[in-house]
Amino acid sequence: MSEAAAYLLNATGDLGLLAFAVFLRVGATMSLLPAFGESNIPARVRLMLGFAFTLIVLPGAQPYLQPVIDQPDLWGRLLFTETLAGLARGVVIRLFVLA
């Protein structure tokens, strides 16, 4: 791990990794949503909406993700599964709305 990443992880603690994991799921979902994932919405607007939804979801997700955050050997698996779950949720919602 680089020195900058180690400093950032120490400065934010577990909350930074938790927020990043939630943002991966929310961002992946939002990229495929019918209204928010379209190309006519500017990327900055989508990014800010992703951050806003992350802040909304973060307090509810913390009790469920905290046991995984406490085990550093599972961080890679956590980030991969959060992204995959967000993509799956986005695809299902897109198919449901477009059907």
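No experiment lies behind these values; they were computed from the predicted model shown.

1. A look at the nonpolar core
Counting residues in hydrophobic clusters, the biggest one holds twelve residues: Leu 17, Leu 18, Ala 21, Val 22, Val 26, Met 30, Leu 33, Leu 58, Ala 61, Leu 65, Ile 69 and Leu 78. Listing elements by their share of this core, those giving two or more residues are helix H2 (14–32) and helix H3 (43–69). The biggest single contributor to this core is H2, with six residues.

2. What about H2?
Compared with an ideal rise of 1.5 Å per residue, which puts 19 residues at 27 Å, H2 spans 28 Å between its outermost C-alpha atoms and is within 8% of the ideal. For H2, the set of buried residues is Leu 17, Leu 18, Ala 21, Val 22, Val 26, Ala 28, Thr 29 and Met 30.

3. So, the packing of H2 against helix H4 (residues 75–98)
Their axes nearest at 7 Å, the elements H2 and H4 cross at an angle of 25°. Taken together, the axis directions place H2 and H4 in an arrangement best described as roughly parallel. As for how H2 packs across H4, the hand of that crossing is right-handed. Between H2, through Leu 17, Phe 20, Ala 21, Leu 24, Arg 25, Ala 28, Thr 29, Ser 31 and Leu 32, and H4, the contact on the second element is made entirely by Trp 75, Leu 78, Leu 79, Glu 82, Thr 83, Ala 85, Gly 86, Leu 87, Arg 89, Gly 90, Val 91 and Arg 94. Residues belonging to the contact of H2 with H4 are distributed by class as follows: twelve nonpolar, five polar and four charged.

Rules and cut-offs
- Residues numbered from 1 in each chain as written.
- Predicted model: local features only at pLDDT ≥ 70, side-chain atom pairs only at ≥ 80, totals over all residues.
- Heavy atoms only, no water.
- Core = buried A, V, L, I, M, F, W, Y, C linked by side-chain atoms within 4.5 Å.
- Buried < 20%, exposed > 50% of the residue type's maximum accessible area, 1.4 Å probe, protein only.
- Helix = DSSP H or I, 4+ residues; strand = E, 2+ residues; numbered from the N terminus.
- Expected span 1.5 Å × (residues − 1).
- Axes fitted to C-alpha atoms, helices over the stretch in contact; angles between N-to-C directions.
- Parallel < 35°, antiparallel > 145°, perpendicular 65-115°, else oblique.
- Left-handed = near helix turned anticlockwise from the far one by under 90°.
- Contact = heavy atoms within 4.5 Å.
- Nonpolar A, V, L, I, M, F, W, Y, C, P; charged D, E, K, R; others polar.

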